[in-house]
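The residues making up each chain are set out below.
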Amino acid sequence: MPKLNENYLNLKESYLFSEIAHRVNSYASAHPDKKIIRLGIGDVTLPIGSKVISQLHEGVDALANAETFKGYGPEQGYAFLREAIVDYYMRNNIVIEADEVFVSDGAKSDTGNITDLFDKDNVILIPDPVYPVYVDTNIMNGRNITYIDANAENNFLPMPDHSVHADIIYICSPNNPTGAAYNKEQLKEWVDYALENNAIILYDSAYECFITDETLPRSIFAIEDSKKCAIEFCSLSKTAGFTGTRCGYTIVPKDLSFTASTGAKLSLNAMWNRRQTTKFNGVSYIVQKGAAAAFSVEGMAQCKENIKYYQENARIIAEGLARKNILYFGGINSPYIWFECPNNMDSWDFFDYLLNNAQVVGTPGAGFGKNGQKFFRLTSFGNRENTIEAIKRIEKLF
Ligand SMILES: *Cc1c(COP(=O)(O)O)cnc(C)c1O
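What counts, and where the lines are drawn
- Residues numbered from 1 in each chain as written.
- Predicted model: local features only at pLDDT ≥ 70, side-chain atom pairs only at ≥ 80, totals over all residues.
- Heavy atoms only, no water.
- Helix = DSSP H or I, 4+ residues; strand = E, 2+ residues; numbered from the N terminus.
- Buried < 20%, exposed > 50% of the residue type's maximum accessible area, 1.4 Å probe, protein only.
- Contact = heavy atoms within 4.5 Å.
- Areas by Shrake-Rupley, 256 points an atom, 1.4 Å probe, with all protein chains shown as cover.
- Lys, Arg positive; Asp, Glu negative; His and termini not counted.
- Charge placed at Lys NZ, Arg CZ, Asp CG, Glu CD.
- Disulfide = S-S within 2.5 Å.
- Salt bridge = Lys/Arg side-chain N within 4 Å of Asp/Glu carboxyl O.
- Pairing = 2+ DSSP bridges.
- Axes fitted to C-alpha atoms, helices over the stretch in contact; angles between N-to-C directions.
- Expected span 1.5 Å × (residues − 1).
- Arc of directions from axis to C-beta.
- Polar contact = N/O pair within 3.5 Å; in protein donor to acceptor, adjacent residues only side chain to side chain.

Observations regarding the overall build of the protein
The number of helices and strands found in the protein is 12 helices and 15 strands. Projected onto the principal axes, the alpha-carbon positions of the protein cover approximately 60 × 55 × 55 Å. Counting every position in the protein, which comprises 398 residues, the buried fraction comes to 53%. Pairs at least 24 apart in sequence give 73% of the contacts found in the protein among residues at least 6 apart. Per element, the accessible surface of the protein, about 17800 Å² overall, is 50% carbon and sulfur. For the protein, the separation between the mean place of its 38 positive charges and that of its 48 negative charges on side chains is 4 Å.

Below, the structure is given as structure tokens:
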């Protein structure tokens, strides 16, 4: 009999979104006449812009000709896409190099797979509440996690405790689920803390495109000295509507190296390259053609139009909550609105209450960690009409 990875026994029983689906489905079959509005799962709904679509088509056509046909591509991504990403960062005044960019099928895989580079024994800091992938992938590897509290008192932006040592620090900004985003001074403090501790920051910037406050950093690499202590994960999922198309990228600076127990210097860029070339065979040429178009000036302008639509939805939700004096976070630099459940309700009770009385589906904060127990997440990824209707129904209840 194979000895199984029993760390799986330590995972929470079901994925958050399957429990939500289960409750929504049983409500829907009991009440077939009710119109349910889903503002729960963080998935985009608008179609992909025409610049990207035309390049996806070109990618397909290239495969129809012997002269332009593509088989296996470089595991790290085609040069044209790596360079388009470098250029996009340059337009945001951030200098990175093409061989620091690794193209992948998405940030979920990369944020999970990065655990391959680290030993089991590390002090790992993960904020609570958090995107569940960071937690579960470390539990699968049998690692211990030290949670840092994100709560209303610190505006869901926890700062380092300089008296506590860490080796690996996860940061997601703008944050899923809370919508909170760090400013430059705050991120600088995290970078300083990482350097003090000879630690690494694993920075998830999947929502950088939702930043409207121009003073906020869109990348950890906007912070001085961060290339000595950070890896950045990003994705086209929310930026370009690629949740189904699948493409992301990870930036591993060449300056990033640590000393092994043998005394050898280990470059994280070289290790990630080794990991990817061994276990990953690249993203399809078609998708990379489309992705490169998203990073062009015109393509990004189209992406931003979709994002503006979602941002208007976020504003509508936030204003509705404000009218009811409900404490909320996010919604300005993020597609998520994170609010305190009214009447001190627990988040799953509030989920049921909202489903039963307003037929609105959101995400209970408890699914993201203990500090989410009294909070609830709504997304701005719905259509305008449904968003307006949902907030009207919620306002009527309180
Ligand atoms: C949506 C999301 C991603 C993107 O994941 P993909 O695999 O690229 O679709 C990454 N991180 C967070 C926190 C997210 O919410």
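So, next bit.
Let's talk about the state of the cysteines
What the rule picks out here adds up to zero disulfides. Lacking any disulfide linkage, Cys229 is separated from the closest cysteine sulfur, that of Cys172, by 17 Å. Exposure remark for Cys229: the relative accessible area of 1% places this residue in the buried category.

Considerations on the pattern of salt bridges
When the charged atoms of two side chains lie near each other, side chains of opposite charge can form a pair. By the definition in use, this model includes 17 salt bridges. Its salt-bridge partner being Lys279, residue Asp116 comes within 2.8 Å of it at the nearest N-O pair. Here Lys279 lies in helix α8 (residues 268-279) and Asp116 lies in the loop between α4 (107-113) and β3 (124-128), a separation of 163 residues in the sequence. Residue Asp116 is classed as partly exposed on the basis of its relative accessible area, which comes to 38%. Note on Lys279: relative accessible area 57%, which makes it exposed. The shortest N-O distance in the salt bridge between Arg323 and Glu395 comes to 2.7 Å.

Points about the sheet that holds strand β8 (residues 248-251)
Ordered in space as β2-β8-β7-β6-β5-β3-β4, the seven strands form an open sheet in which the pairing is mixed. The open sheet has two free edges, formed respectively by β2 (101-104) and β4 (145-149), since each of these has just one partner strand. Between one strand and the next, the sheet's axes are offset by a mean angle of 25 degrees, whatever the strand orientation. In this sheet, strand β6 (residues 200-204) lies alongside strand β5 (residues 168-172) in parallel orientation, the contact comprising five bridges. Bridge pairing in β6 places Ile171 opposite Tyr203. Sitting on the sheet, α8 touches β2, β6, β7 (230-235) and β8, and the angle it makes with β2 is about 25 degrees.

Overview of helix α6 (residues 184-197)
Counted at 1.5 Å a residue, the expected span for α6 with its 14 residues is 20 Å, and the 20 Å between its end C-alpha atoms agrees. Those residues of α6 lying buried are Leu187, Trp190, Val191, Tyr193, Ala194 and Asn197. On an axial view of α6, the arc spanned by its buried residues comes to 160 degrees, and they lie on one face. Projecting away from the buried face of α6 at angles above 90 degrees are the exposed residues Glu185 and Glu196. Looking at the buried positions of α6, the neighbouring elements they touch are β3, β4, β5 and β6. Put simply, Asn183 is the residue that caps the front of α6, since its side-chain oxygen is 3.1 Å from the backbone nitrogen of Glu185. Just downstream of α6, Asn198 is the residue with a positive phi angle, here 55 degrees.

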